[in-house]
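# Secondary and tertiary structure notes
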Amino acid sequence: LQTMSGNEQDWLALKPQEPSPSQCCGSGCKPCIYDVYEKELAQWERAKAKQDKSLLMEKKEQSNNSELNPDTFTAFNISSVEQLTEDTYQYKFELPGNSSLRLSLGQHIVLRGVVNGLEVQRAYTPISPGNAEGYFEVLIKCYEAGLMSQYIKTWKKGDMVFWRGPFGGFPYQPNKHGELLMLTSGTGLAPMLPILQSITDDEEDETFVTLVGCFRTFDKIYLKPLLQDLARYWNIRIFYVLSQETSLEKLPWSYQENTYTGRLNEDLMKTIISSCRRRPFVLICGSSAFNEDMSRYLKAAGIEEDSCFVF
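Residues numbered from 1 in each chain as written. Predicted model: local features only at pLDDT ≥ 70, side-chain atom pairs only at ≥ 80, totals over all residues. Heavy atoms only, no water.

### A word on the UniProt feature "domain: FAD-binding FR-type" (unreviewed entry) in the protein
As a reminder, the rule being used: UniProt positions are given in the numbering used here, feature names are shortened, and annotations may be inferred rather than shown by experiment. Numbering goes from the N terminus for both helices and strands, where a helix is a DSSP run of H or I of at least four residues and a strand is a run of E of at least two.
The feature "domain: FAD-binding FR-type" (unreviewed entry), as given by UniProt, occupies residues 71–173 in the numbering adopted here. For residues 71–173, helix accounts for 6% and strand for 48%, while the C-alpha atoms at its two ends are 27 Å apart.

### Comments concerning unusual backbone geometry
Cis peptide bonds are those with omega within 30 degrees of zero, and the linkage from Gly-165 to Pro-166 qualifies with 0°. Here Pro-166 lies in strand E6 (residues 160–167). Phi angles above zero are rare outside glycine, and Gln-51 is one such case at about 50°. Along the chain, the position of Gln-51 falls in the loop between helix H2 (33–49) and helix H3 (58–62). Phi at Asn-175 takes a positive value of approximately 65°, unusual for a residue other than glycine.

### Examining the side chain of Lys-224
Threshold: We call a residue buried when its accessible area falls under 20% of the maximum for its residue type, exposed when it is over 50%, and partly exposed in between, using a 1.4 Å probe and counting protein chains only. Charged residues are defined narrowly, with Lys and Arg counted positive, Asp and Glu counted negative, and His plus the chain ends left uncounted. Just to be clear on terms, a salt bridge is a Lys or Arg side-chain nitrogen sitting within 4 Å of an Asp or Glu carboxyl oxygen. Throughout, a contact is declared for two residues whenever any of their heavy atoms are within 4.5 Å.
Structurally, Lys-224 is set in helix H6 (residues 224–231). Lacking a salt bridge, the buried Lys-224 has Asp-219 as its closest oppositely charged neighbour, with an N-O distance of 5.2 Å. With sequence-adjacent residues up to four places away left out, Lys-224 is seen in contact with Phe-218, Asp-219 and Tyr-255.

### Focus on the pairing of strand E9 (residues 236–242)
Threshold: For two strands to be treated as a pair, DSSP must find at least two bridges joining them. Consider the strands pointing away from the viewer: the crossover is right-handed when the path from the first strand over the helix to the second runs clockwise.
The element E9 is largely enclosed, with a buried count of 6 among its 7 residues. Alignment of strand E8 (residues 208–215) against E9, held across 7 bridges, turns out to be parallel. Across the sheet, Leu-211 pairs through a bridge with Ile-238, a residue of E9. This β-α-β element, E8 to H6 to E9, shows right-handed connectivity.

### Focus on the pattern of salt bridges
Summed over all chains, the structure comprises 9 salt bridges. Lys-156 is paired through a salt bridge with Asp-159; the nearest N and O atoms lie 3.4 Å apart. Where Asp-229 meets Arg-232, a salt bridge forms, and the shortest distance between an N and an O atom there is 2.5 Å. The exposure class assigned to Asp-229 is partly exposed, which follows from its relative accessible area of 41%. Residue Arg-232 is classed as exposed on the basis of its relative accessible area of 64%.

Quick look at the structure:
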């Protein structure tokens, strides 16, 4: 067998690695990690054909500027870590100067982590307003067996973390819909918060909002002070559905009238829809099982697919 020349080995070492399925977050990002790989592979092939390694340099330089970019990962510094519940954390990241991420509403960004030598990518939606200056915040739930969670649990203030984006988003326009019905489970609350804040910040926006947050117990509700503030606006109502609470008596009285125990089922969905002030446009965000259940209950309540958006 002919041994490979040193030059060949050098080029092989520089060849981009094809992403493994675990690296694709499945959120339909444009460009997807696979698109980025195809682009980098073509660049590598051109450089190898010309035997010119400097043609590979452009992608290295790009990631040094501290702006978020959909094609390359950019490092951001963690400025604070706050534990909200036993498994949920709020992370704050620094943005250079007074820059902002300039996300449109409900857009997500993709995180890259390396666990046991395996690269993993997951999509998260910042909960800070899209125009927040000098920082952005992300709400993350860590799972016992989650690969990415093992990586995230090691984070501390001052660590550098790699993100790219933005992707997706709900094309929200003020006053386009008479009422938004937001159905969320756990951290599915995240993409709703920038939309809610843009509605409350805009005095001209008279959209009604009904937010339904599904959590296991009262203690598991995230960001209670923020939600209580939002609920004081004339056009915003917030309901909680707590699957593992048996009685409302133990809850603070201010929560008792807008909280349900048990699950958000077809009957409760009909009750909530009939209490909406206008025919709602529905935004859904939760696990895939939650999203499927909600779509089914909405259909039973006469809300068609073209009146729904799933994050």
